[in-house]
Number of protein chains: 2
Amino acid sequence: MLVDVKNLYKNSDKYANAEVELKGWVKTARDSKTFGFIEFNDGSFFRNIQIVYDDTLSNFEEITKVTIYSSIEVKGKFILTPEAKQPFEIKATSISIFGKSESDYPLQKKGHSVEFLREQAYLRPRTNLFNAVFRVRSVAAMAIHEYFQDRGYVYVHTPLITSNDGEGAGEMFQVTTLDLDKVASLGKVQYENDFFGKKVGLTVTGQLEGETFAHAFGKIYTFGPSFRAENSNTKTHVSEFWMIEPEIAFCDLEGVMDVEEDMLKYIVKTVLEKCREEMEFLDKFVSNGLIEKLEKLLNSKFTRISHEDVITILKEAKVDWEFKPEYGEDIAKEHEKYITEHFNGPVFITNWPKDIKAFYMKQNSDGKTVAAVDLEVPGAGELMGGSQREENYDKLISRMKELGMRTEELDWYLNLRRYGTTIHSGFGMGFERLIMYLTGVENIRDVIPYPRTPGNCEF
Amino acid sequence: MLVDVKNLYKNSDKYANAEVELKGWVKTARDSKTFGFIEFNDGSFFRNIQIVYDDTLSNFEEITKVTIYSSIEVKGKFILTPEAKQPFEIKATSISIFGKSESDYPLQKKGHSVEFLREQAYLRPRTNLFNAVFRVRSVAAMAIHEYFQDRGYVYVHTPLITSNDGEGAGEMFQVTTLDLDKVASLGKVQYENDFFGKKVGLTVTGQLEGETFAHAFGKIYTFGPSFRAENSNTKTHVSEFWMIEPEIAFCDLEGVMDVEEDMLKYIVKTVLEKCREEMEFLDKFVSNGLIEKLEKLLNSKFTRISHEDVITILKEAKVDWEFKPEYGEDIAKEHEKYITEHFNGPVFITNWPKDIKAFYMKQNSDGKTVAAVDLEVPGAGELMGGSQREENYDKLISRMKELGMRTEELDWYLNLRRYGTTIHSGFGMGFERLIMYLTGVENIRDVIPYPRTPGNCEF
């Protein structure tokens, strides 16, 4: 019977001494004169299974020459080996090579650098590191959907191509069907001939559209791509990434912190349960103490503290800051790090100076701050950013005018405040940043299948 | 205690005579001199709950003037009313109006056309029709994730911005950070100054990248946006839509049909179970017989028939075709309709003429056809398109050359056939087309939150 490796691991007793058939790939192989071993995997599970064969196979000679990552079909007996290093193995009665891996296969041996593997992005999920990362990514994505769906949130696909720039500040990619060579030869840009009849770009956030659906369904979330045309070559920037943006009607700042904390714990718990083998590998080879860090998070109560109180703590700290902390100003990476260490766990920083936050955030009565919240986590910095949204039409429009924003293009967004407005809140979480936190991988290019960065759009 | 409408419907016995608190919106209201009724909803459930109030409320006069879609907070007693039209109601002890809906609220009364509601896309999920459609959309999306995750598939985010055109034929949107005004004034296009240093666009498919991950994980699926810059103004075309694209190693054409059939039945079953109220509404007001159609699908075995045999049936049919069916040629909408009626259910049409299908499809030994399959369903036409992929390097490259394709840019895709190739298959399903089929809604603009079509990119 055709089985997969995961099934053999999860139900090994059931399969004891059964005749089984597997289809998959050769991870490594070694042989001696009369017998050989193949470490085999079919992609269903992180761990390999050992195939044992000997020269009673008619194609024994051929099998001894099998190359790494050739695809093979194996028939044999599944045998429990409680006394051996591996818990079971397959004693092959037949092995046939279907797809030979040619001698120039780039991943011959272990120990490639992540930089080299980025160039081989189409092959890197075959390595232990990327196999673990991308399975965690898949399981974490599902955990997010489960979390929200089980709690009555409606999943909304907000648009990717848009004429509004969301944050009022994003650097956007332009989307066009104009023939640029024609633009150059004509010497003018005729947007009336462009696909949408105007200048449009790729979204930087689905929040504004998300709010419209929250005022119909009460609770919604998005999970989709977002784009930034920032010319940043850092470990934490890519031009195309995935975001989760829940919006919740009848929910204030405290309420949205409750959701963020509960959601993060749910994701961490699910990944630790469902990706045990992957997490153990990552703990061992990528980030020592990873599992302990995550288990600690599960059992901690996140600190909630105002931006002002954070600045006071930073000022009182006996630290020679590169950037001096100031009331009314943003905080730097070194401050984020200090504050999570100070509280020994995740920290919600609330009530930020309004001038460093977005126009749509709820204006506090002090006239200086907004009901914004950033979640800082140990070892990863800012993981989520949220706020209560300004639900008052007059206050929102006066803030937009203060900032010199044109209000006509967002009349629909403003109208939400005129047609059944609610106290409502939401947050955004960068999915790749979450995966970096969960896996301990330090470069965002290594947690997304095909990263897009300045000058780099391969595959 | 704060409860939501869904909870009251699902656990009405538990809440009998309880003091409850609700936050939501006024759907309709009517009153007489001493009492009044409010149809109330908070977005958690398709059905409303009735609020009864009388002039013992201190703000009775104000409440009688409450406008449609104002947001309110209600406290009162939850009372079972088994003898009345509605199964229960809330006898209010207090109602406070939080967000008045102003008099120019566009959705005052029922009976707006879908065309008008498209212009009010940010408000339309508040109507019964769109509320039903977008909840079905959310539940169907989750069913798809469940289906694949429960069966060991890994969810992969394939890239949106790309330099390859996938199908070898798609009309793509261009993505750029070049300043078009500068391009016009310079009189030339300097791609070396563009963000990625070359011409790139928005993906038309994630399949090719999906195949690379299937050769690591065995079974994968994508669920993400896809784009077409086609200048088509029809009921079934939008420029931005969502696609599901599974890829399965060690799976042939028969195997992929098994998955398609099983997946579709799972989605239909889940939606019928979880969206009973929405589906009953859609059955009654949008598409009579919708539920019966879907239940019938659950109990049917999908027909599998070759393209050649389909043409024979069409030729023998006593029908005055607008387009004459021919061996070796594509079939028209009228043929799709006839064939699903002929077999009284969904039909897989297999082994298509190679010249009307994509380059990557498995070439059959007859030299004329490829191992492609389209799934036709009654009332919706083509719902999925799939194929076994050509796993043989030489055959694939010779087909590409035959079609005049440049092979260098797809060397990584070709290399999959040199490094552990497998018999593998996959398919694509347009998510909006699925939602049209599930809801009976006939215009694709009405099943996606903010549709993008030629000349139309609002919100």
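Worth saying up front: this structure is predicted, and the values here are computed from it rather than measured.

Draft legend 1. Geometry of the relation of the copies chain A and chain B. Of the transformation placing chain A onto chain B, the axial shift is 0.0 Å and the rotation is 180°, giving an RMSD of 0.0 Å. Both copies of the chain, as the preceding transformation shows, are related through a two-fold rotation axis. The overlap is high: 100% of the interface residues of chain A also sit at the interface in chain B, so the same surface is used on both sides.

Draft legend 2. Highlighting the confidence of the model for chain A. With 99% of its residues at a pLDDT of at least 70, chain A reaches an overall mean of 96. For this predicted complex, the interface confidence comes out at an ipTM of 0.97, alongside a pTM of 0.98.

Draft legend 3. Local environment of the interface of chain A and chain B. Taken together, the contact pairs 104 residues of chain A with 104 residues of chain B. Buried surface at the junction of chain A and chain B, summed over both partners, amounts to about 8,700 Å²; 65% is from carbon and sulfur atoms. If you look at where chain A meets chain B, you find six salt bridges. With a shortest N-O distance of 3.2 Å, A:Glu102 and B:Arg418 are connected by a salt bridge. Across the contact surface, chain A and chain B share 41 residue pairs in polar contact (both at pLDDT 80 or more).

Draft legend 4. Molecular detail of the sheet that holds strand E12 (residues 303-306) of chain B. Residues and elements named next belong to chain B. Here eight strands make up an open sheet; going across it, the order is E6-E10-E11-E16-E15-E14-E13-E12 and the pairing mixed. The open sheet terminates on both sides in strands that have one partner only, identified here as strand E6 (154-155) and E12. Sheet topology note: the strand E14 (residues 369-377)/strand E15 (residues 381-389) ladder contains six bridges and is antiparallel. Of the residues in E15, the one forming a bridge with Ala372 is Ser387. Helix-sheet contacts for helix H15 (residues 431-439) involve strand E10 (219-227), strand E11 (240-249), E14, E15 and strand E16 (424-430), and the interaxial angle to E16 is about 60°.

Draft legend 5. Spatial organisation of the pairing of strand E14 (residues 369-377) of chain A. Residues and elements named next belong to chain A. Within E14, nine of the nine residues are buried, which leaves the element mostly enclosed by the surrounding structure. Neither face of E14 is exposed, since Thr369, Ala371, Val373, Leu375 and Val377 on one face and Val370, Ala372, Asp374 and Glu376 on the opposite face are all buried. The pairing of strand E13 (residues 347-353) with E14 spans six bridges and is antiparallel. Bridge pairing links Phe348 to Leu375 in E14. The turn joining E14 and strand E15 (residues 381-389), which pair antiparallel and follow one another in sequence, is formed by three residues; a positive phi near 85° is taken by Gly379.

Draft legend 6. Quick peek at the pattern of salt bridges. In this structure the tally under the stated criterion is 66 salt bridges over all chains. Across the pair A:Lys265 and A:Glu261 runs a salt bridge whose closest N-O atoms are separated by 3.0 Å. Remark: A:Glu261 and A:Lys265 occur in helix H8 (residues 253-274); sequence separation between them is four residues, near one turn of the helix. Among the residues examined, A:Lys265 registers a relative accessible area of 19% and is labelled buried. Residue A:Glu261 is classed as buried on the basis of its relative accessible area of 6%. Between B:Lys362 and B:Glu391 there is a salt bridge; the shortest N-O distance is 3.2 Å. Remark: B:Glu391 occurs in the loop between E15 and helix H13 (393-402) and B:Lys362 occurs in the loop between strand E13 (347-353) and E14; sequence separation between them is 29 residues. Judged on exposure class, the residue B:Lys362 and its partner B:Glu391 are both buried. Through salt bridges with shared partners, a single ionic network connects A:Glu254, A:Asp258, A:Glu261, A:Lys265, A:Lys301 and A:Arg304.

Basis of the calculations
Residues numbered from 1 in each chain as written. Chains lettered and ligands numbered in written order. Predicted model: local features only at pLDDT ≥ 70, side-chain atom pairs only at ≥ 80, totals over all residues. Heavy atoms only, no water. Least-squares fit on C-alpha atoms with pLDDT ≥ 70 in both. Contact = heavy atoms within 4.5 Å. pLDDT = per-residue confidence, 0-100. Buried area = accessible area lost by both parts, 1.4 Å probe. Salt bridge = Lys/Arg side-chain N within 4 Å of Asp/Glu carboxyl O. Polar contact = N/O pair within 3.5 Å; in protein donor to acceptor, adjacent residues only side chain to side chain. Pairing = 2+ DSSP bridges. Helix = DSSP H or I, 4+ residues; strand = E, 2+ residues; numbered from the N terminus. Axes fitted to C-alpha atoms, helices over the stretch in contact; angles between N-to-C directions. Buried < 20%, exposed > 50% of the residue type's maximum accessible area, 1.4 Å probe, protein only.

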